[in-house]
Amino acid sequence: MTAKILDGKAVAAEVRAQAAQEAARIAVQLGRKPGLAVVLVGADPASEVYVRNKGRSTVEAGMESFEHKLPETASEAEVLALVQKLNADDKVDGILVQLPLPKQIDSNRVLNAVDPAKDVDGFHPMNAGKLATGLPALAPCTPVGCVIIAKKAHGSLAGLEAVVLGRSNIVGKPLAQLLLQENATVTIAHSRTKDLAAVARRADILCVAIGKPEFVKGDWIKPGATVIDVGINRIQKPDGKTKLVGDVAYEEAAKVAGAITPVPGGIGPMTIACLLVNTLRAACARAGLPAPGI
Ligand code: NDP
């Protein structure tokens, strides 16, 4: 069997196009463009690239992008003051604080200071709690992207066995909640799970977010299963150059799976597309408008 490749780039482009249409409609109703503020503290090169891409995608979708850069030496009080200012700014519908933050800053304190109504990353405990109790919530972008891709492969996820490897607050746990909302039967596995391979083999949908290059092997996968690989790992090739790989050994997995997301070009592009959607959701909810139809 050779798996169907689930092309995250193409799906993300569809979602971004829908977001642009909705942004134009919402801008008319709001009398201004929906706005996303991104806070970058320090000069981590990877974070700078992410922030630049987020800004560009926001503008391309017809929304306002506000970039705020603070130096590596910024104090927690300075970051908190900026977050408060953005919370109070009516032109800002979404606030994203780029992680990781420098050591002197408590990330939880900063994330918890973001107004939950503008928390487009979905990391605030209020949104995590709403998601867990089935209330309308801003859910984290990467897991939302995973579910969109899984639904592209399967249509309905109801009754399917879903296994999530990884239990972080950013990916694993919210992804499990979203799959549960789709009526999948969900198992969460982690570093203390006994016989991870056997648990993984139960999955009709196997979602992997552990941060270990090519950790999941072909014989961990049930023939015909859908594999969603969230991992992004940079490894060195024999020629000394580097390349990106996922948490799944792609070549062997693709021989067994029914469908699989590649790395790069799978879940990665979905994250920014879903950030745009979350910004529109936040803008509509704040203004009492119906939620965007995406
Ligand atoms: P974390 O490091 O926060 O969490 C990793 C999880 O994997 C933990 O729950 C950990 O278990 C589990 N784990 C680690 N080692 C093993 C193991 N040997 N066996 C079983 N479980 C294990 O990572 P994130 O969730 O933040 O990210 C995971 C991956 O996804 C990373 O590669 C990251 O780069 C990528 N990522 C990609 C995004 C995208 O846009 N595509 C966005 C976010 C992340 P335990 O809790 O027991 O320690």
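Residues numbered from 1 in each chain as written. Predicted model: local features only at pLDDT ≥ 70, side-chain atom pairs only at ≥ 80, totals over all residues. Heavy atoms only, no water.

**Remarks on the environment of E252**
Next up, step 1: Of note, E252 is situated in helix α9 (residues 250–256).
Next up, step 2: Separated by 250 residues in sequence, E252 and T2 place their C-alpha atoms 9.7 Å apart.
Next up, step 3: With sequence-adjacent residues up to four places away left out, E252 is seen in contact with K217 and G218. (Helix = DSSP H or I, 4+ residues; strand = E, 2+ residues; numbered from the N terminus. Contact = heavy atoms within 4.5 Å.)

**Some remarks on the pairing of strand β3 (residues 64–70)**
Next up, step 1: Two elements, strand β2 (residues 35–41) and β3, share 7 bridges in a ladder whose sense is parallel. Counterpart to V39 in the pairing with β3 is H68.
Next up, step 2: With helix α2 (residues 45–60) bridging β2 and its parallel neighbour β3, the resulting β-α-β unit is right-handed. (Pairing = 2+ DSSP bridges. Right-handed = clockwise from strand over helix to strand, strands pointing away.)

**A word on the sheet that holds strand β6 (residues 185–189)**
Next up, step 1: Read across the sheet, 6 strands follow the order β1-β11-β8-β7-β5-β6 without closing on themselves; strand pairing throughout is parallel. The open sheet has two free edges, formed respectively by β1 (4–5) and β6, since each of these has just one partner strand.
Next up, step 2: Both strand β5 (residues 161–165) and β6 contribute to a ladder of 5 bridges, which runs parallel. Considered in β6, the bridge of E161 is made with T185.
Next up, step 3: Helix α6 (residues 141–154) rests against β7 (205–208) and β8 (226–229) of the sheet, and its axis sits at about 160° to β8. (Axes fitted to C-alpha atoms, helices over the stretch in contact; angles between N-to-C directions.)

**Brief notes about the environment of A3**
Next up, step 1: On the secondary structure map, A3 appears in the segment before β1.
Next up, step 2: Classification of A3 by relative accessible area gives buried; the value is 10%.
Next up, step 3: A3 sits 248 residues away from E251 along the chain, and the two C-alpha atoms are 9.9 Å apart.
Next up, step 4: Other than its neighbours up to four places away in sequence, A3 contacts A254, A257, G258, A259 and I260. (Buried < 20%, exposed > 50% of the residue type's maximum accessible area, 1.4 Å probe, protein only.)

**Here's the deal with the site of the ligand**
Next up, step 1: Among the 20 residues in the neighbourhood of the ligand, the closest are listed as R167, S168, S191, I232 and T271.
Next up, step 2: One of the side-chain N or O atoms of R167 is found 2.7 Å from an oxygen atom in the ligand.
Next up, step 3: A distance of 2.8 Å separates an oxygen atom of the ligand from a polar atom in the side chain of T271.
Next up, step 4: Here the ligand loses 70% of its free accessible area of 930 Å² to cover by the protein chains.
Next up, step 5: Counting residues per element, the shell around the ligand draws most heavily on helix α10 (residues 267–287), which supplies 3 residues.
Next up, step 6: Tallied by class, the residues present in the shell around the ligand amount to 8 nonpolar, 10 polar and 2 charged. (Near = heavy atom within 4 Å. Polar contact = N/O pair within 3.5 Å; in protein donor to acceptor, adjacent residues only side chain to side chain. Areas by Shrake-Rupley, 256 points an atom, 1.4 Å probe, with all protein chains shown as cover. Nonpolar A, V, L, I, M, F, W, Y, C, P; charged D, E, K, R; others polar.)

**What about the pattern of salt bridges?**
Next up, step 1: One pass over the full model with this rule turns up 10 salt bridges.
Next up, step 2: Look at the salt bridges and you will find they share partners, linking R32, D90, D93 and R286 into a network. (Salt bridge = Lys/Arg side-chain N within 4 Å of Asp/Glu carboxyl O.)

**Focus: the packing of aromatic side chains**
Next up, step 1: As enumerated under the stated definition, the model contains 1 aromatic pair in all.
Next up, step 2: Look at F215 and W220: their rings are 5.7 Å apart centre to centre, the planes differ by 75°, and that puts the pair in the edge-to-face class.
Next up, step 3: A residue is classified by how much of its surface remains accessible, and F215, at 34% relative accessible area, is partly exposed. (Phe/Tyr/Trp six-rings, centres within 6.5 Å; stacked < 30°, edge-to-face > 60°.)

**A few points about the pairing of β7**
Next up, step 1: Residues I205 and C207 point to one face of β7 and L206 and V208 to the other, with burial holding for every one of them.
Next up, step 2: Across 4 bridges, the pairing between β5 and β7 is parallel. Paired with L165 across the strands is V208, a residue of β7.
Next up, step 3: For β7 and β8, the ladder comprises 4 bridges, and the chain directions are parallel. Opposite C207, over in β8, you have I228 as the bridge partner.

**Observations regarding helix α7 (residues 172–181)**
Next up, step 1: Among the residues of α7, G172, P174, L175, A176, L178 and L179 are the ones counted as buried.
Next up, step 2: The inward-facing, buried residues of α7 abut α5 (125–132), α6, β5, β6 and β7.
Next up, step 3: Directly beyond the C-terminal end of α7, a positive phi value near 70° is found at N183.

**Digging into the sheet that holds strand β4 (residues 94–97)**
Next up, step 1: Strands sit in the order β3-β2-β4 across an open sheet of 3 strands; the sheet is parallel. Looking at strand neighbours, the two that pair on one side only are β3 and β4, the edges of this open sheet. Strand-to-strand twist in this sheet, taken as the mean axis angle between neighbours without regard to direction, amounts to 15°.
Next up, step 2: Relative to β4, β2 runs parallel, the two being bridged by 4 bridges. Across the sheet, residue V38 finds its bridge partner in β4, namely L96.
Next up, step 3: Sheet strands touched by α2: β2, β3 and β4. Its angle to β3, the strand with the most contacts, is close to 160°.

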